[in-house]
Amino acid sequence: MKPTAEWPLWEVFVRAKAGLDHKHCGSLHAPDPKAAIQLARDVYTRRQEGTSVWVVRSDQIIASDPADKAMYFDPMEDKVYRHPTFYELPKSVDHM
Amino acid sequence: MTASIRLQLTPDVRYVLRIADTCLVHAQRLAEWCGHAPVLEEDIALSNLGLDLLGQARALLTHASRLEGGGHGEDALAFLRDEHDYFNLTLVELPLRRGGADFADTQLRCFIVAAWLAPLWQDLSTSRDPELAAIAAKAAKETRYHLEHAADWVVRLGDGSDESARRMQAALVRAWPYVAELFDDDAVDAAAAASRLGPPASALREPWLASIRPVFADARLTPPADGAFRSHGRRGTHSEHMGYLLAEMQHLQRAFPGGVW
């Protein structure tokens, strides 16, 4: 058997401490899920950055198309009324 | 050049130095992979592993220095001894990137040594020496990860492609003659066992076998027959590779005495 293609790419998510959410921190190549977890630990948590690691095959992530950016996200620009701070609350509920 | 130090080698000091030097020299060989591993991710993993071992060596050398009583300190013990005053397993001083050895030898050695250190740390964590017990308890966690990481590589290569299987089996044939030393008792072991400082080397054989057997089975590896050859690094008699390793490892401290970061 000949060495074939490169190892697949994985996205790495690290949780800094209990209670916080996992944050995307980078990617790496690994041959299988277990190796991906181990290498994520070695590459991304060696300075005490984490207490938990997730890895996801990069090709399993469905991303929005950058070409759709204007259509998807620009229309939100002028809709300040979607923020709760846009509304003045009655005095009786000032501790919302 | 700085002169070498001479040590008062009681059995206890020797016992601790055997473990310290095994970690130190193993770390030195792994450090040679820095910047050269087959993939970036494993390059970092091997460096991490080496640094864990170096940390274990530092703690043990500091402790050995205290037991020895000469006030030398960890740096002098690490860098200013002569070859016959190092007591590491011969296995860990053999080249990993030259002389026919390769990445398979590296992962196999990490596995063999981690499977040996794991039961050693476990036994040492109940040593009559509380300092040694504390060092062992901390190291045990690191070694558990090393064992798993290396075992996975042994299986991945041993049960991988024809080429990786051939290389892993060849690595096993190269390493095997040096494995007997891992369990070879002498007076130092007997004294440590009697005084409950730590286990004799022979006590590590059964737990070691129990951890390597299933991994070798999954990796489709067959150890060669045991031979009559015995290495004696733990007694200070080393292979021809040790002098070169020490020359490189000691160079800075000998050329710039007392140099620190």
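Residues numbered from 1 in each chain as written. Chains lettered and ligands numbered in written order. Predicted model: local features only at pLDDT ≥ 70, side-chain atom pairs only at ≥ 80, totals over all residues.

A.B. asks: Any chance you could explain the overall build of chain B here in plain terms?
C.D. replies: From N to C terminus, chain B includes nine helices and zero strands. Ordered by position in the sequence, the α and β elements of chain B form the string α-α-α-α-α-α-α-α-α. Relative to the compact-globule value of 18 Å for 261 residues, chain B shows a C-alpha radius of gyration of 18 Å, a close match. Overall, the C-alpha framework of chain B stretches about 55 × 40 × 35 Å when taken along its three principal axes. At a minimum sequence separation of 6, the contacts of chain B that also span at least 24 residues come to 76%. (Helix = DSSP H or I, 4+ residues; strand = E, 2+ residues; numbered from the N terminus. Rg over C-alpha atoms; globule rule 2.2 N^0.38 Å. Contact = placed C-beta atoms within 7 Å.)

A.B. asks: Honestly, the overall build of chain A in this entry has me stumped. Any pointers?
C.D. replies: On a plain count of helices and strands, chain A comes out with two helices and three strands. Along chain A, helices and strands appear, N-terminal first, in the series β-β-α-β-α. For chain A, the C-alpha radius of gyration of 21 Å lies well beyond 12 Å, the compact-globule estimate for 96 residues. Buried positions account for 17% of the 96 residues belonging to chain A. When contacts within chain A are restricted to residue pairs at least 6 apart in sequence, long-range pairs at least 24 apart make up 43% of them. (Buried ≥ 20, exposed ≤ 12 C-beta atoms within 10 Å, placed from the backbone.)

A.B. asks: Explain helix 1 (residues 33-44) of chain A here, please?
C.D. replies: For an α-helix, 3.6 residues make a turn, and residues three or four places apart therefore share a direction. The first and last C-alpha atoms of helix 1 of chain A sit 16 Å apart over twelve residues, in line with the 16 Å expected at 1.5 Å per residue. Among the residues of helix 1 of chain A, Ala35(A), Ala36(A), Gln38(A), Leu39(A), Ala40(A), Asp42(A), Val43(A) and Tyr44(A) are the ones counted as buried. On the buried face of helix 1 of chain A, the contacting elements are strand 1 (9-15), strand 2 (23-29) and strand 3 (52-57) of chain A together with helix 2 (40-68) and helix 5 (130-158) of chain B. (Expected span 1.5 Å × (residues − 1).)

A.B. asks: Looking at this model, I keep getting lost on the interface of chain A and chain B. Mind explaining?
C.D. replies: Often, the extent of an interface is quoted as the loss of accessible area on bringing the components together. Taken residue by residue, the interface counts twelve residues in chain A and ten residues in chain B. Listed by contribution, the elements that provide at least two residues to the side of chain A that touches chain B are strand 2 and helix 1 of chain A. Of all the elements, helix 1 of chain A adds the most residues to the side of chain A that touches chain B, at six residues. A breakdown of the residues in the side of chain A that touches chain B according to their chemical character gives seven nonpolar, two polar and three charged. (Nonpolar A, V, L, I, M, F, W, Y, C, P; charged D, E, K, R; others polar.)

A.B. asks: Is there a simple way to think about the nonpolar core in this case?
C.D. replies: Nonpolar side chains tend to gather and get buried jointly when the protein is soluble and globular. Residue and element names in this part refer to chain B. With 90 residues, the main nonpolar core has Ala-20, Leu-60 and Val-154 as its most contacted residues. Among the elements that line this core, the one with the most residues is helix 4 (residues 103-124), at 14 residues. Leaving out residues up to four positions away in the same chain, Ala-20 has contacts with Ala-57, Leu-60, Leu-61 and Ala-64. (Core = buried A, V, L, I, M, F, W, Y, C linked by C-beta atoms within 7 Å.)

A.B. asks: Would you mind showing me how to read helix 6 (residues 162-175) of chain B here?
C.D. replies: All names here are of chain B. With 14 residues, helix 6 ought to run about 20 Å at 1.5 Å a step, and its terminal C-alpha atoms sit 20 Å apart, in line with that. Regarding helix 6, the residues found buried are Met-168, Gln-169, Ala-171, Leu-172 and Ala-175. Angularly, the buried residues of helix 6 cover 155° about the axis, an arc narrow enough to put them on a single face. Structural note: helix 6 exposes Asp-162 and Glu-163 on the side pointing more than 90 degrees away from its buried face. The inward-facing, buried residues of helix 6 abut helix 4 and helix 5. (Arc of directions from axis to C-beta.)

A.B. asks: Would you mind showing me how to read the sheet that holds strand 3 of chain A here?
C.D. replies: Within a beta sheet, neighbouring strands are joined by backbone hydrogen bonds and run either parallel or antiparallel to one another. Residues and elements named next belong to chain A. The three strands lie next to each other as 2-1-3, forming an open sheet whose pairing is antiparallel. Lying at the two open borders of the sheet, with one neighbouring strand each, are strand 2 and strand 3. This sheet shows a mean twist of 30° between the axes of neighbouring strands, independent of strand direction. Of the strand pairs in this sheet, strand 1 and strand 3 are connected by six bridges, and their pairing is antiparallel. The residue bridging Val-12 from the neighbouring strand is Val-55, located in strand 3. (Pairing = 2+ DSSP bridges. Axes fitted to C-alpha atoms, helices over the stretch in contact; angles between N-to-C directions.)

A.B. asks: Honestly, the packing of helix 4 of chain B against helix 6 of chain B in this entry has me stumped. Any pointers?
C.D. replies: Between two packed helices, the angle of one axis relative to the other and the distance separating the axes together describe the packing. Residue and element names in this part refer to chain B. As a packed pair, helix 4 and helix 6 sit with axes 8 Å apart at the nearest point and diverge in direction by 55°. Between helix 4 and helix 6, the interaxial angle falls into the category oblique. Pair helix 4 / helix 6 crosses with right-handed handedness. When helix 4 is examined against helix 6, the residues Ala-104, Asp-105, Leu-108, Arg-109 and Ile-112 are found in contact with a partner set consisting of Arg-167, Met-168, Ala-171, Leu-172, Arg-174 and Ala-175. (Parallel < 35°, antiparallel > 145°, perpendicular 65-115°, else oblique. Left-handed = near helix turned anticlockwise from the far one by under 90°.)

A.B. asks: Can you help me understand the packing of helix 1 (residues 11-31) of chain B against helix 7 (residues 187-194) of chain B in this one?
C.D. replies: All names here are of chain B. It is the contact of helix 1 with helix 7, at a shortest axis distance of 9 Å, that shows an interaxial angle of 105°. On the basis of their axis angle, the class for helix 1 and helix 7 is roughly perpendicular. Residue-level contacts link Pro-11, Arg-14 and Tyr-15 of helix 1 to Ala-187, Val-188, Ala-191 and Ala-192 of helix 7. Looking at the contact of helix 1 with helix 7 residue by residue, the classes come out as six nonpolar, no polar and one charged.

A.B. asks: Which parts of the structure should I look at to understand unusual backbone geometry?
C.D. replies: Working note: non-glycine residues mostly have negative phi, and peptide bonds are mostly trans. A positive phi angle, near 65°, is found at Gln48(A), a position not held by glycine. Within the secondary structure, Gln48(A) is located in the loop between helix 1 and strand 3. For Gln48(A), a count of 7 C-beta atoms within 10 Å puts it in the exposed group. Phi at Arg196(B) is positive, roughly 60°, even though this residue is not glycine. Relative to the assigned elements, Arg196(B) resides in the loop between helix 7 and helix 8 (205-218).

A.B. asks: Hey, could you run me through the confidence of the model for chain B in this one?
C.D. replies: For residues with low pLDDT, the predicted coordinates do not support detailed interpretation. Taken as a whole, chain B shows an average pLDDT of 96; of its residues, 100% reach a score of 70 or greater. Among the prediction metrics, the complex's ipTM stands at 0.84, with pTM recorded as 0.91. (pLDDT = per-residue confidence, 0-100.)

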